[in-house]
Protein chains: 2
Amino acid sequence: MAGTGSGSESSAPRKRADARRNEQSLLEAAAEAFIASGVDVPVREIAGKAGVGVGTIYRHFPTRAALIVAVYRHQVEACAEAGPALLASGDSPCTALARWIDLFVDFLVTKHGLAEALQSDDATFVTLHAYFIDRLVPVCAELLAAAAEAGEIRSDIEALELMRGVGNLCIGADKDPRYDARRMVGLLLAGLRLH
Amino acid sequence: MAGTGSGSESSAPRKRADARRNEQSLLEAAAEAFIASGVDVPVREIAGKAGVGVGTIYRHFPTRAALIVAVYRHQVEACAEAGPALLASGDSPCTALARWIDLFVDFLVTKHGLAEALQSDDATFVTLHAYFIDRLVPVCAELLAAAAEAGEIRSDIEALELMRGVGNLCIGADKDPRYDARRMVGLLLAGLRLH
DNA sequence: TGCCAAACGGAACGCCGATCCGTATATTCA
DNA sequence: TGAATATACGGATCGGCGTTCCGTTTGGCA
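Just so we're clear, the structure is a prediction, and the values are computed from it rather than from any experiment.

Draft legend 1. Structural detail: the protein's contact with DNA strand C. Around DNA strand C lies a shell of 25 residues, among which Arg44(A), Arg64(A), Arg16(B), Asn22(B) and Thr56(B) are the nearest. The sugar-phosphate portion of DNA strand C accounts for 56% of its atoms within 4 Å of the protein, the bases making up the rest. Gly55(B) is positioned such that a nitrogen or oxygen atom in its backbone is 3.3 Å from a base oxygen of DNA strand C. Separating a phosphate oxygen of DNA strand C from a side-chain N or O atom of Arg59(B) is a distance of 2.9 Å. Put simply, the parts of the chain that give the surface near DNA strand C at least two residues each are helix H1 (17-37), helix H2 (43-50) and helix H3 (54-60) of chain A together with helix H1 (17-37) and helix H3 (54-60) of chain B. The greatest single-element share of the surface near DNA strand C, amounting to five residues, is contributed by H3(B). By residue class, the composition of the surface near DNA strand C is eight nonpolar, eight polar and nine charged.

Take a look at the structure:
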């Protein structure tokens, strides 16, 4: 095993050209398929769209979660980076928190089935869960702490719990026009505020 | 109403004894299996526990939802009937609403996967969804209207939306000790109150 | 007791995720 | 340039599940 850097960065032994091409095709096909049929779309369908065999999917993305993460990584990063920016924007911390949660909700409700997958206990999705938690909970915690310190909200709610609650409220948001996830999240945040 | 469990109406032509016995076995086996492995437990497992073939399950309960409804019908009825009782109990309508939601949450969080199934868009579960909506939303609406009329809460939230929100918040409540669905629901209700 | 509709059980089918291995090819080196 | 070899490919295959279907069994009744 010595020398074979399975790591992701600079020391990686440079993949074959067709491998890189296929990985790209897969990302594009998956992005399309997720929009068209949700993140639960059958693996074979993604493979078909990308013009590769199913084996190739599993070689590049060992779990469905890994594929989802890869497809949405940019957007998650953007959301994470928006947190500090909103805090620094001059608005009250509570407003910053509300705006940030809005971004998160916008992201979730436009991805069919992503909110569901995030909360699923399916072993396939633990990676997905872990990624979102790792990346976004600290950001949320920062916003939460600032708002609490400013005396604008209750201080007995953990970031993880709030994010799970918000994520849960987004489930099925795109299925039933009578259910407005944004409004429910607004209610949750209203309950968080001190008066 | 002297007859066996689900669906025996007065005009029903009286089922065979073995059929009634099997239906009973299935209900018991399903109740056990739901507790042990959640409402997504494989059909074959329920059939095995009950000592019948899979065909027999489908004959008695054409969809998984029908089986779930049959297993939990009593508890859902009790919850539905508790609504008017709480309203009449002398507490403020808002307290009555909170107590009733508590009952609903208690029911949901103790049934592995039921909250998930309730919000699932799987075609198999539309019956389940419909039953809960039909039976509980009117009760919730009554409580909501009373509280709104008393000026205790906002009046722009529909019962259906509130119940879906509460149901969503209960998802995964039994999986992660760091997530307390009850507390999140409390937050949601706090956001509903006028100050 | 004998008949037959009702009910049963489980084999069989289709769909899906996941794996595995014979084949094809990009890259390297002489 | 032309092998040699590691790398990657593709799809056949397996196991699990929901659902259907049909030959067999059995309870109820005349």
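Okay, back to it.
Draft legend 2. Summary view of the interface of chain A and chain B. Counting residues at the interface gives 27 residues for chain A and 27 residues for chain B. Ranking the residues of chain A by area buried against chain B places Glu161(A), Arg164(A) and Leu187(A) at the top, with a combined share of 25%. Between chain A and chain B we count six salt bridges in total. Residue Asp176(B) pairs with Arg164(A) through a salt bridge whose shortest N-O separation is 3.7 Å. At the level of elements, helix H8 (159-169) and helix H9 (181-192) of chain A are the ones that each hand at least two residues to the side of chain A that touches chain B. Residue composition of the side of chain A that touches chain B, grouped by class: 11 nonpolar, six polar and 10 charged.

Draft legend 3. Layout of H1(B). Residues and elements named next belong to chain B. Here H1 is 21 residues long and its end C-alpha atoms lie 30 Å apart, about the 30 Å a rise of 1.5 Å per residue gives. Of the residues making up H1, those classed as buried are Ala19, Glu23, Leu26, Leu27, Ala29, Ala30, Ala33 and Phe34. Structurally, H1 contributes buried residues whose contacts are with helix H2 (43-50), H3 and helix H4 (64-88). Gly38 occupies a position one or two residues after H1 and carries a positive phi of about 85°.

Draft legend 4. Local environment of the layout of surface pockets. In this model, the largest pocket occupies a volume close to 840 Å³. If you trace the largest pocket, you find 34 residues lining it, with Glu116(A), Ser120(A), Asp40(B), Glu116(B) and Ser120(B) closest to the centre. For the lining of the largest pocket, the secondary-structure elements that each account for two or more residues are helix H6 (114-119) of chain A together with helix H6 (114-119) of chain B. Its residues assigned to classes, the lining of the largest pocket comprises eight nonpolar, 14 polar and 12 charged.

Scoring rules and cut-offs
- Residues numbered from 1 in each chain as written.
- Chains lettered and ligands numbered in written order.
- Predicted model: local features only at pLDDT ≥ 70, side-chain atom pairs only at ≥ 80, totals over all residues.
- Heavy atoms only, no water.
- Near = heavy atom within 4 Å.
- Polar contact = N/O pair within 3.5 Å; in protein donor to acceptor, adjacent residues only side chain to side chain.
- Helix = DSSP H or I, 4+ residues; strand = E, 2+ residues; numbered from the N terminus.
- Nonpolar A, V, L, I, M, F, W, Y, C, P; charged D, E, K, R; others polar.
- Contact = heavy atoms within 4.5 Å.
- Buried area = accessible area lost by both parts, 1.4 Å probe.
- Salt bridge = Lys/Arg side-chain N within 4 Å of Asp/Glu carboxyl O.
- Expected span 1.5 Å × (residues − 1).
- Buried < 20%, exposed > 50% of the residue type's maximum accessible area, 1.4 Å probe, protein only.
- 1 Å grid on protein atoms, 1.4 Å probe; cavity = no way out; pocket = protein on both sides within 12 Å on 5 of 7 lines; lining within 4 Å.
- Points joined across faces, edges and corners; volume = space filled by probe spheres on them.

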